[in-house]
Amino acid sequence: MKIAIPVADGQLFSHFGHCPGFAFIDADPETGEIKARIDVAAPPHEPGLLPVWLAERDVEMVMTGGIGPKAVDLLAQKNIAVVTGIAGGTPEAVVMAYFAGVLETGGNACTHESA
């Protein structure tokens, strides 16, 4: 499973649409094992671009602190699941907590409507 997590300085970045980069985590959902991590720069912000860009990279899930409802809808149209309300941490720690069933999430940190 390929998971995209917005990052800055190696840590989860709280705003999906304006992140400087993404950590792409290749993980086995059966075992929770992380097989690989690749960090890539995000494309310039443009409403609606990230869902297409992530789908082209075979992403199956986005894990983030906050994301606008339009982006959630566009990701759903690309069959990309979204987990929101994550407070922070390394991408590896976030993914491991998710697969272990102990990931703490709160409210969506996004306060606006754009993608």
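Quick note: structure is the one above.
These remarks concern the structure in this document. (Residues numbered from 1 in each chain as written. Predicted model: local features only at pLDDT ≥ 70, side-chain atom pairs only at ≥ 80, totals over all residues. Heavy atoms only, no water.)

Notes on unusual backbone geometry
Residue Asp-9 is not a glycine yet carries a positive backbone phi of 55°. Phi at Asp-58 takes a positive value of approximately 60°, unusual for a residue other than glycine. By the element assignment, Asp-58 lies in the loop between helix H1 (49–56) and strand E5 (61–63). Given the relative accessible area of 57%, Asp-58 is considered exposed. (Helix = DSSP H or I, 4+ residues; strand = E, 2+ residues; numbered from the N terminus. Buried < 20%, exposed > 50% of the residue type's maximum accessible area, 1.4 Å probe, protein only.)

Section: the environment of Ile-34
Position of Ile-34 among the secondary structure elements: in strand E4 (residues 34–41). Taking relative accessible area as the criterion, Ile-34 reaches 23% and is therefore assigned partly exposed. For the pair formed by Ile-34 and Glu-46, sequence separation is 12 residues and the distance between their alpha carbons is 30 Å.

Let's talk about the packing of aromatic side chains
Evaluated as defined, the whole model comprises five aromatic pairs. On the basis of an interplanar angle of 10° and a centroid distance of 6.4 Å, the ring pair of Phe-22 and Phe-24 is categorised as stacked. On the accessibility criterion, Phe-22 (0% relative accessible area) is buried. Relative to Trp-53, the ring of Phe-24 has its centre 5.9 Å away and its plane inclined at 35°; by these criteria the two rings are tilted. Note that Phe-24 is positioned in strand E3 (residues 21–27) and Trp-53 in helix H1, a separation of 29 residues in sequence. An aromatic cluster of three or more residues is present, and its members are Phe-16, Phe-22, Phe-24 and Trp-53. Lys-2 extends its terminal NZ or CZ atom over the ring of Phe-24, reaching a point 5.0 Å from the ring centre. (Phe/Tyr/Trp six-rings, centres within 6.5 Å; stacked < 30°, edge-to-face > 60°. Lys NZ or Arg CZ within 6 Å of the ring centre and 35° of its normal.)

Comments concerning helix H3 (residues 91–100)
Where H3 is concerned, the buried positions are Pro-91, Val-94, Val-95 and Ala-97. Burial along H3 is one-sided: seen end-on, the buried residues are contained in an arc of 165°. Buried positions along H3 lie against strand E1 (2–8), strand E2 (11–12), E3, E4 and E5. Within two residues after H3, Gly-101 carries a phi angle of roughly 80°, on the positive side. (Arc of directions from axis to C-beta. Contact = heavy atoms within 4.5 Å.)

A few points about the nonpolar core
Among the nonpolar cores identified, the biggest contains 15 residues, and Phe-16, Phe-22, Leu-54 and Val-62 are the most heavily contacted of them. Mapped onto this core, the elements with two or more residues apiece are E3, H1 and helix H2 (69–77). A per-element tally of this core places H1 first, with three residues. The contact partners of Leu-54, leaving out residues within four places of it in the chain, are Ala-4, Phe-16, Phe-24, Val-59, Val-62, Leu-75 and Ile-80. In terms of nonpolar packing, the next biggest core, distinct from the first, is built from 13 residues, Ile-3, Ala-23, Val-83 and Ile-86 among them. (Core = buried A, V, L, I, M, F, W, Y, C linked by side-chain atoms within 4.5 Å.)

Everything listed here is a matter of geometry and, on its own, says nothing about what the molecule does.
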